[in-house]
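Residue-level structure breakdown
Listed below, chain by chain, are the residues.
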Amino acid sequence: ETGVTQSPTHLIKTRGQQVTLRCSSQSGHNTVSWYQQALGQGPQFIFQYYREEENGRGNFPPRFSGLQFPNYSSELNVNALELDDSALYLCASSLYTRGELFFGEGSRLTVL
Amino acid sequence: QQQVKQSPQSLIVQKGGISIINCAYENTAFDYFPWYQQFPGKGPALLIAIRPDVSEKKEGRFTISFNKSAKQFSLHIMDSQPGDSATYFCAASPPEASGSRLTFGEGTQLTVNP
């Protein structure tokens, strides 16, 4: 059984740039959720994808967008990067009906 | 608006002692309350979870106590070990999300001294 994998593990961008983060869900899982974890804070829910559609969104602006592909993998896109976007971005997969989240190790984004 | 408040921020316990972390929530619609453990450089991992139809759940050395009327729940780690040193997060989820859309507390950094 393959766990949740994320890429890249670390990246540095400058303010105003755009970034794409990728996630492969755990085998058999059909739902992907994205969370932002600022340093020293708990993860904050960004959005969730199920059957390739957004299925719930947290308090994040539209410049945060995502995709889910037929193989259940997912992308998180952030446009017009701001300094406050610097964080660990966590992807989690689950079976929709069960809900237990399995997290990847995250992508550490630094915005300069 | 912080919907899940966690305390303490940090906790130091001697090996063999009991670690207790508390959480309080505001949204009475929440119906799933997990605890996650996170080691440095890793993603959070589910430790134990409870639903409000029971007041306590035990798995090995880990116990969740749940008080629905007070809107509080806590994690007890018995016989704490140095390997338990990590950051612990409580969380809560509304019923429509089936446990997969979580509101997290701010975390407790636990240090277990040998």
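Residues numbered from 1 in each chain as written. Chains lettered and ligands numbered in written order. Predicted model: local features only at pLDDT ≥ 70, side-chain atom pairs only at ≥ 80, totals over all residues. Heavy atoms only, no water.

Notes on unusual backbone geometry
Residue and element names in this part refer to chain A. Basically, it comes down to this: Put simply, DSSP marks the helices as runs of H or I at least four residues long and the strands as runs of E at least two long, and each gets a number from the N terminus on.
Between Ser7 and Pro8 the backbone carries a cis peptide bond, its omega angle lying at -10°. Inspection of the secondary structure assignment puts Pro8 in the loop between strand S1 (5-7) and strand S2 (10-13). Even without glycine at this site, Glu52 takes up a positive phi of about 70°. Structurally, Glu52 can be placed in the loop between strand S5 (44-50) and strand S6 (53-57).

What about the nonpolar core?
Under the convention used in this document: What makes a nonpolar core is a set of buried Ala, Val, Leu, Ile, Met, Phe, Trp, Tyr and Cys residues whose side-chain atoms join them at distances within 4.5 Å. Accessibility here uses a 1.4 Å probe with only protein chains present; expressed as a share of the type maximum, an area under 20% marks a residue as buried, one over 50% as exposed, and anything in between as partly exposed. The contact criterion used is simple: two residues touch if any of their non-hydrogen atoms lie within 4.5 Å.
By size, the foremost hydrophobic cluster in this structure holds 24 residues, and its most contacted members are Phe33(B), Trp35(B), Phe73(B), Leu75(B) and Tyr88(B). Of all the secondary-structure elements, those providing two or more residues to this core are strand S2 (10-14), strand S3 (19-25), strand S4 (33-38), strand S5 (45-50), strand S7 (62-67), strand S8 (72-77), strand S9 (86-92) and strand S11 (108-113) of chain B. Leave out the neighbours within four places in its chain, and Tyr88(B) touches Gln6(B), Ile21(B), Tyr36(B), Gln37(B), Leu47(B), Leu75(B), Ile77(B), Gly107(B), Thr108(B) and Leu110(B). Membership of the second largest hydrophobic core comes to 20 residues, among which are Val4(A), Tyr49(A), Leu81(A) and Leu109(A).

Comments concerning the interface of chain B and chain A
How big an interface is tends to be stated in terms of accessible area lost as the parts join. Stated formally: Each of two parts loses accessible area, computed with a 1.4 Å probe, when they are put together; buried area is these two losses added. We define a salt bridge as a side-chain nitrogen of Lys or Arg found within 4 Å of a carboxyl oxygen belonging to Asp or Glu. Identification of polar contacts relies on pairs of N or O atoms within 3.5 Å, with a donor-acceptor requirement for protein atoms, meaning one able to donate a hydrogen and the other able to accept it, and with residues adjacent in sequence counted only if both atoms are side-chain atoms. Three classes are used: nonpolar for Ala, Val, Leu, Ile, Met, Phe, Trp, Tyr, Cys and Pro, charged for Asp, Glu, Lys and Arg, and polar for all others, with Gly counted as polar.
Each partner contributes residues to the interface: chain B has 18 residues there, and chain A has 23 residues. At the boundary of chain B with chain A, total buried surface from both sides reaches about 1500 Å², with 48% on carbon and sulfur atoms. Applying the counting criterion to the chain B and chain A interface returns one salt bridge. When the shortest N-O distance is used, the salt bridge between Glu105(A) and Lys42(B) registers 2.9 Å. For the pair chain B and chain A, the number of links is five residue pairs in polar contact (both at pLDDT 80 or more). A breakdown of the residues in the side of chain B that touches chain A according to their chemical character gives seven nonpolar, seven polar and four charged.

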